[in-house]
Amino acid sequence: MKTAARSNWLIGFFVGVLVFCLALPTRAQDARLKLAQLEKLSAKAVEVNNVTLDGDMLQLAAKFLDLDKDDPESQQVKSLIKNLKGIYVKSFEFDQPNQYSASDVEEIRSQLAAPGWNKIVESRDKRANENDEIYVMKDSHNNVAGVAIVVAEPKELTVVNIVGPVDLDKLSALGGKFGIPGDKEKEHVKKKTTREASHDKS
Amino acid sequence: MQFSEDDLRAALRRKDPGESFTESVMARVNQLQARVTSTPKAGSQLGELWHGLLRRPALTGAAAGMLIVGASLGFVHYRGVQERRTGEVAKQQALLALRITNAKLNHVIERVKTAQTP
Amino acid sequence: MVLCHKSVRPNRLYLRIVPIEGPLNAEPEARMDMALRQASQGDHRAFAEIVREHQGMVFSIGWHFFADRGLAEDLAQEVFLQLHQGLSAIQSAAHLVHWLRRTAVHRCIDQSRRKYFRRESSLDEMQEIATGATPADSFLHKRLRQTLTQLPEKQRMVVVLRYEEELGLGEIAELLNIPVNTVKSTLHRALEGLREKLTRKLKEARYAIF
């Protein structure tokens, strides 16, 4: 009787360990969004940017960025991507408004409504029909495990999905190279935006 | 025993082997040609090459070694070129992805800041 | 040694002309030139004509050298097969004769240097020579041919080239790749050897009779 109880306890223990082990990689993969349904928009868009970088390709990219040791921006980018598991970007620009449907965006939002994802920033402008959101997924240690950015504008739809530990401050602070505006440029952009906003108000 | 040069000439005069000899030669010529015709030329050349290689084992070994070393170096070089090409593409993709991410992130932040500005 | 020197040698070339019908009925050299051209273009009849014309020379060199009809025939066949494969390299009738003779001579020497053919001529081989003899053959001629096979290979070949092929000393020297003086001394030793062996055989025959 005792032996049977012990064996039941052992089976339960091993099943628990197995479930826990299976759950670990699943949790890491949760931050990955399904973006394939957006592919159909490529036909309507005037400009398409489609990036799919999985773990191996990211490591290779990090290795090649490491070769540009004299370039601080390359080193910055390298330090940002070296621990990532994936970067997925789908960006469409259209010459006419309303080329994508609300259901296309809803499909993404429904995935981001799943447990684990938290919307940290939302900007809605009903007049201009603009809707921008930033989501973050955190792991059990409260570290960032994934990021999603959705920018839905009349003539543009962009979805960025980063899987893995990413530092949003560093990501935001990237500047200079390849047209990424640095702090000075950002100040300039801010002033310009403020001026345009005040001009609109007047 | 006495003999003259003419005796030697007479003793060693030419003998014709007869018409049967001519026929035998022609039969062998035909046989040889039939064999050459029935065997594909490239095949016979390969065969000759193969037999030539078998006759010179040291040379064959050296050639095989050089071939293996050459093929290995070629393969390593090819792999290197392929990896460089893929690595460069991956690097450009990573930079593009981060540029878009950075731009969109800052765009959203700017909009929020702008919205919060009284 | 007693040798009866004669200043005039019969010219065998004219004795060997066999008139043939058709377009090939021309001067021997011109006829052979034409046959050569046709044979090199794949004409088997022309090649057969070449074989027929020169088989006596090629076969006889081997036959007198080895005193073995079968071996001489095999050797001659090989020479003609070699010729067939390299016909395009033969430029003229004169070149053809030279090539055939040279190839036959060197094949004979190569063959005799192989261990199997180093043995002394057997009684069977003597019989073989006798089989090839014509009724006009004298006893002396048969004895000469038999004794020749007992000479060393170089002496044997010099005698064959000198008295069967009727070549000059210079031509023999060129064929065998040896100096003319060596040809002279080799020929001298060969004739002495023949005389000695013939005399010994005659004495042995007398003792056998009495």
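The residue count restarts for each chain, going from 1 along the sequence in the order it is written. Throughout, the order in which chains and ligands are written sets their labels, letters from A for the former and numbers from 1 for the latter. Local features in this predicted model are restricted to residues of pLDDT 70 or higher, and side-chain atom pairs are both shown and tallied only at a pLDDT of 80 or more, whereas totals for entire chains, interfaces and linings draw on every residue.

1. A few points about the overall build of chain A
For chain A, the count of helices and strands is six helices and six strands. Secondary structure elements follow DSSP: runs of H or I of four or more residues count as helices, runs of E of two or more count as strands, with numbering from the N terminus. Taken from the N to the C terminus, the helices and strands of chain A come in the order α-β-α-α-β-α-β-β-β-β-α-α. Residues are called buried when their C-beta atom has 20 or more other C-beta atoms within 10 Å, exposed when it has 12 or fewer, and partly exposed otherwise; all C-beta atoms are positioned from the backbone. Sorting the 202 residues of chain A into buried and exposed places 26% on the buried side. For chain A, contacts bridging at least 24 residues in sequence account for 59% of all contacts bridging at least 6. Our contact criterion uses C-beta atoms placed from the backbone: two residues qualify when those atoms are within 7 Å.

2. Some remarks on the overall build of chain C
Along chain C, the regular secondary structure elements total 10 helices and zero strands. The helix and strand sequence of chain C, counted from the amino end, reads α-α-α-α-α-α-α-α-α-α. Here the contacts in chain C between residues at least 6 apart in sequence split such that 64% fall between residues at least 24 apart.

3. Details of the interface of chain A and chain B
On the chain B side, the residues contacting the 37 residues of chain A number 28 residues. The greatest single-element share of the side of chain A that touches chain B, amounting to seven residues, is contributed by helix α2 (residues 55-67) of chain A. The residue makeup of the side of chain A that touches chain B, split by class, is 25 nonpolar, eight polar and four charged. Each residue is assigned to one class: nonpolar for Ala, Val, Leu, Ile, Met, Phe, Trp, Tyr, Cys and Pro, charged for Asp, Glu, Lys and Arg, and polar for all the others, Gly among them.

4. Focus: the nonpolar core
For this analysis, nonpolar core means a set of buried Ala, Val, Leu, Ile, Met, Phe, Trp, Tyr and Cys residues linked through C-beta atoms within 7 Å. Judged by nonpolar contacts, the single largest core of 50 residues is most densely connected at L36(C), I50(C), V58(C), I61(C), V79(C) and A104(C). With 11 residues, helix α3 (residues 44-66) of chain C is the largest single contributor of residues to this core. The residues contacting A104(C), other than those within four sequence positions of it, are V58(C), I61(C), G62(C), L75(C) and V79(C). The next biggest cluster of nonpolar side chains, apart from the first, holds 49 residues, and it includes A31(A), I87(A), Y88(A) and L95(B).

5. Regarding helix α8 (residues 153-164) of chain C
Residues and elements named next belong to chain C. Helix length check: α8, at 12 residues, gives a terminal C-alpha distance of 15 Å against a target of 16 Å (1.5 Å per residue), a fit within 8%. Most of α8 is tucked away: 10 of the 12 residues are buried. What α8 keeps buried is the set Q155, R156, M157, V158, V159, V160, L161, R162, Y163 and E164. In the stretch just after α8, E166 is the one whose phi turns positive, near 55°. Each helix should span, by expectation, one fewer than its residue count multiplied by 1.5 Å.

6. Some words on the pairing of strand β4 (residues 130-138) of chain A
Residue and element names in this part refer to chain A. At least two bridges found by DSSP between two strands is the condition for calling them paired. Bridge count for strand β3 (residues 117-125) against β4 is eight bridges, and the pairing is antiparallel. By the bridge assignment for β4, V121 is matched with I134. What sits between the antiparallel neighbours β3 and β4 is a turn of four residues, in which N129 has the positive phi angle 55°. Taken together, the eight bridges between β4 and strand β5 (residues 144-153) define a ladder with antiparallel strand orientation. Residue pairing for β5: E133 is matched across the bridge by V150. From the end of β4 to the start of β5, which pair antiparallel, there are five residues, and N142 there has a positive phi angle of about 65°.

7. Comments concerning the interface of chain B and chain C
Of the residues lining the interface, 24 residues belong to chain B; the matching set on chain C comes to 35 residues. With eight residues, the single largest contributor to the side of chain B that touches chain C is helix α2 (residues 19-38) of chain B. Residue composition of the side of chain B that touches chain C, by class: 12 nonpolar, four polar and eight charged.

8. Thoughts on unusual backbone geometry
Residues and elements named next belong to chain C. You will see that E166, though not glycine, has its phi angle at about 55°, which is positive. Inspection of the secondary structure puts E166 in the loop between α8 and α9 (169-176). Positive phi, close to 60°, is recorded for N177, a residue that is not glycine. With respect to the helices, strands and loops of the structure, N177 is situated in the loop between α9 and α10 (180-209). For N177, a count of 8 C-beta atoms within 10 Å gives the class exposed.

9. A few points about the environment of I61(C)
Position of I61(C) among the secondary structure elements: in helix α3. A tally of 28 C-beta atoms within 10 Å means that I61(C) is categorised as buried.

10. A short note on the packing of α2(A) against helix α4 (residues 57-116) of chain B
For the pair α2(A) and α4(B), interaxial distance at closest approach is 8 Å and the crossing angle is 95°. The angle between α2(A) and α4(B) places the two elements in the roughly perpendicular class. Two secondary-structure elements touch here, α2(A) through M57(A), L58(A), L60(A), A61(A), K63(A), F64(A) and L65(A) and α4(B) through T86(B), G87(B), E88(B), A90(B), K91(B), Q93(B) and A94(B). Each axis is a line fitted through C-alpha atoms, and for a helix only the stretch in contact is used; angles between axes span 0 to 180 degrees, taken between their N-to-C directions. Working rule for angles: under 35 degrees goes down as roughly parallel, over 145 as roughly antiparallel, 65 to 115 as roughly perpendicular, anything else as oblique.

11. Overview of the confidence of the model for chain A
Residues and elements named next belong to chain A. Of the residues in chain A, 74% have a pLDDT of 70 or more, and the chain-wide mean is 78. A residue's pLDDT is the confidence the predictor assigns to it, expressed on a 0 to 100 scale. When the elements of chain A are averaged for pLDDT, helix α6 (residues 183-201) gives the smallest value, 41, and strand β6 (residues 156-163) the largest, 94. Scored below 50 in pLDDT, residues 21-28 makes three contacts in the model with residues more than four places away or belonging to other chains. Confidence over residues 176-202 falls short of pLDDT 50; this stretch has 25 contacts with residues more than four positions distant or in other chains.

12. Describing helix α7 (residues 139-148) of chain C
In terms of residue burial, α7(C) counts as a mostly covered element, since seven of its 10 residues are buried. By the burial criterion, the buried members of α7(C) are H141(C), R143(C), L144(C), R145(C), Q146(C), T147(C) and L148(C).

13. Some points on the confidence of the model for chain C
If pLDDT is low for a region, its predicted coordinates should not be looked at in detail. All names here are of chain C. For chain C, mean pLDDT is 78; residues scoring 70 or higher make up 72% of the total. Within chain C, no element has a lower average pLDDT than helix α1 (residues 12-15), which sits at 40, and none a higher one than α8, at 94. Every residue in residues 1-25 scores below 50 in pLDDT, and together they form 21 contacts with partners more than four places removed in sequence or on other chains. pLDDT under 50 marks residues 117-133. Its contacts with residues more than four places away, or in other chains, come to 22 contacts. Here the complex is predicted with pTM 0.43, and the ipTM for its interfaces comes to 0.73.

14. Here we look at the sheet that holds β4(A)
All names here are of chain A. Spatial ordering of the open sheet is given by β1-β2-β6-β5-β4-β3, a layout of six strands whose pairing is antiparallel. Each edge of the sheet is formed by a strand with only one pairing partner; in this case those strands are β1 (47-53) and β3. Here the average twist between neighbouring strands, direction ignored, is 5°. Helix-sheet contacts for helix α4 (residues 102-112) involve β3, β4, β5 and β6, and the interaxial angle to β5 is about 155°.

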